[in-house]
Amino acid sequence: MMMRILAIETTCDETGIALVEASGSETPVFRIRANLVASQINIHAPYGGVVPALARREHEKNLPALLARLAATDARALAAADCVAVTVGPGLEPCLWTGIEFAKTLAKKLGKPLVGANHLEGHLWSFLLAPSARAKLRALFPAVALIVSGGHTALALLPDMAHRKKLGETRDDAAGETFDKVARLLDLPYPGGPEIERLAAHGNPNAIPFPRPMIGDKTLDFSFAGLKTSVLYHLRNSPQSAIRGAQNVAETSASKTRKTNIWREEPRGKPSETERADVAASFQEAVIETLLIKTLRAAEQAGAKSILLSGGVAANETLKSRFRKAARERGLAFLAPPKAFNTDNAAMIAVAAYMKILAGTGRYRVAAAPNLNL
Ligand code: KG4
Ligand code: ZN
């Protein structure tokens, strides 16, 4: 039976509304009728990170506008929605509430049930939005999933489609957060991930031996704060230091808001473009290798048949191709969503809601859960 899901996503700095048709149980199939995303990057970029109060204001403005756009193009499908799904967490609390209140009103107006969804399950299952996933689905499990976003870095084992066990997570900064912070050290704008990827393309990934944090550790946890500090020290100690003035840097991410002191030294001149590109490429290499080592170890320990890669950081082409190659060499299947579904969107929230319904493992309470986990 086909289920038409109207999904709302307002976790962080992207407002998303999607209308997705879902069907099938052993092989779930998703057809996207609409997937609208209003990005707030320009609003937050001057602050170097997401400002929750501004984000909420933008969500309040964007939600009715996106819904009107959807109604204008697909009014019939909208009226025929079977349920409204909304992200309840994890994320920035004021942003989550904005989406939830909007979804509640909408569900009431349509006279349809409201379903809570987990943002991390959205990332986790986003690979199902790739049409090629369908054919591989039966041979995927057990699978190891790596979610790498601005707020999270987590490894999970999926023995089958309905069950899951968390294997590890970051003990401090998330991978995307680290990309964003290192980008700031290099004077690159927010969000830093795509900027670092661009700069890294001109650099030597083996130029600077940045640490691969915790790879010798027995757990499957990660830690990226030390790597960021290594980049800071490298820049500070380089003959042409790029680091300027001591300042407080307000840092926000999908899961937390906090203030950190990053010591910035007086400039000793601008680093050359080659030096900056080498730092970007070597940093990116350190992150990729660290993520890859632990993911492969998890896959080996679990006897996994596949690796599922998702989240904003997985939009990184170098990261993705390294994972694909490593999986192929080990005879593992590799699945990742189409690039547009790596960063936050509502289509993946519709998928998460459907998979939760299929699993039959209870419902999420429809109230903001900023620290909800996998
Ligand atoms: O999944 P996402 O949109 O939001 C969260 O749930 O956090 O991820 C956003 C994060 C940001 O930190 C951004 O810098 C990072 O994903 N990102 C990338 C790339 N594109 C986005 N990191 C590395 N390389 C990229 N190409
Ligand atoms: Zn996300």
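All values reported here derive from a predicted model rather than from experimental measurement. (Residues numbered from 1 in each chain as written. Chains lettered and ligands numbered in written order. Predicted model: local features only at pLDDT ≥ 70, side-chain atom pairs only at ≥ 80, totals over all residues. Heavy atoms only, no water.)

Colleague: Account for unusual backbone geometry, with residues named and values stated.
Modeller: Cis geometry marks the peptide bond from G89 to P90, where omega comes out at -5°. Look at the link from F141 to P142: it is a cis peptide, with omega at 0°. Of note, P142 is situated in the loop between α5 (133-136) and β6 (143-148). The backbone of D187 shows a phi angle near 65°, a positive value even though the residue is not glycine. Positionally, D187 belongs in the loop between α6 (175-185) and α7 (192-200). (Helix = DSSP H or I, 4+ residues; strand = E, 2+ residues; numbered from the N terminus.)

Colleague: Give me the lowdown on the pattern of salt bridges, citing residues and values where you can.
Modeller: Counting across every chain of the model gives 21 salt bridges. The shortest N-O distance in the salt bridge between E26 and R138 comes to 3.5 Å. Taken together, the residues span a long stretch of sequence, with E26 in the loop between β2 (14-23) and β3 (29-39) and R138 in the loop between α5 and β6 at a distance of 112 residues. Assessed through its relative accessible area of 66%, R138 is described here as exposed. With its nearest N and O atoms 3.0 Å apart, the salt bridge here joins D173 to K181. Each member of the pair D173 and K181 is classed as buried. (Salt bridge = Lys/Arg side-chain N within 4 Å of Asp/Glu carboxyl O. Buried < 20%, exposed > 50% of the residue type's maximum accessible area, 1.4 Å probe, protein only.)

Colleague: I'd like to hear about the side chain of H59, residue by residue, with values.
Modeller: Structurally, H59 is set in helix α2 (residues 52-79). By relative accessible area, H59 is classed as buried at 0%. Within polar-contact distance, the side chain of H59 engages the backbone oxygen of T10 at 3.4 Å. For H59, the contacting residues outside a window of four places in its chain are T10, C12, D13, E14, T15, Q40, P64, C95 and T98. (Polar contact = N/O pair within 3.5 Å; in protein donor to acceptor, adjacent residues only side chain to side chain. Contact = heavy atoms within 4.5 Å.)

Colleague: Kindly report on α6, identifying the contributing residues and their values.
Modeller: Counting buried positions along α6 gives 11 out of 11 residues, so the element sits mostly inside the fold. Of the residues making up α6, those classed as buried are A175, G176, E177, T178, F179, D180, K181, V182, A183, R184 and L185. Where α6 terminates, the next one or two residues include D187, which has phi positive at roughly 65°.

Colleague: So what's going on with the coordination of the zinc ion (ligand 2)? Which residues, and what values?
Modeller: Protein-derived coordination of the zinc ion (ligand 2) comes from H119 (NE2), H123 (NE2) and D344 (OD), at a distance range of 2.0 to 2.1 Å. In terms of primary sequence, the donors binding the zinc ion (ligand 2) are separated according to H-x3-H-x220-D. Placement of both H119 and H123 in helix α4 (residues 119-125) is noted, with a separation of four residues, approximately one turn of the helix. Overall, H119 belongs to the buried group, its relative accessible area being 5%. In this structure H123 comes out as buried when scored by relative accessible area, which is 0%. (Donors = N, O, S within 2.8 Å, 3.2 Å for Na, K, Ca; no water.)

Colleague: Can you tell me about the pairing of strand β8 (residues 165-169), naming the residues and giving the values?
Modeller: The sheet contact formed by strand β7 (residues 153-158) and β8 spans four bridges and is antiparallel. Opposite A156, over in β8, you have K166 as the bridge partner. Between the antiparallel neighbours β7 and β8 lie six residues. (Pairing = 2+ DSSP bridges.)

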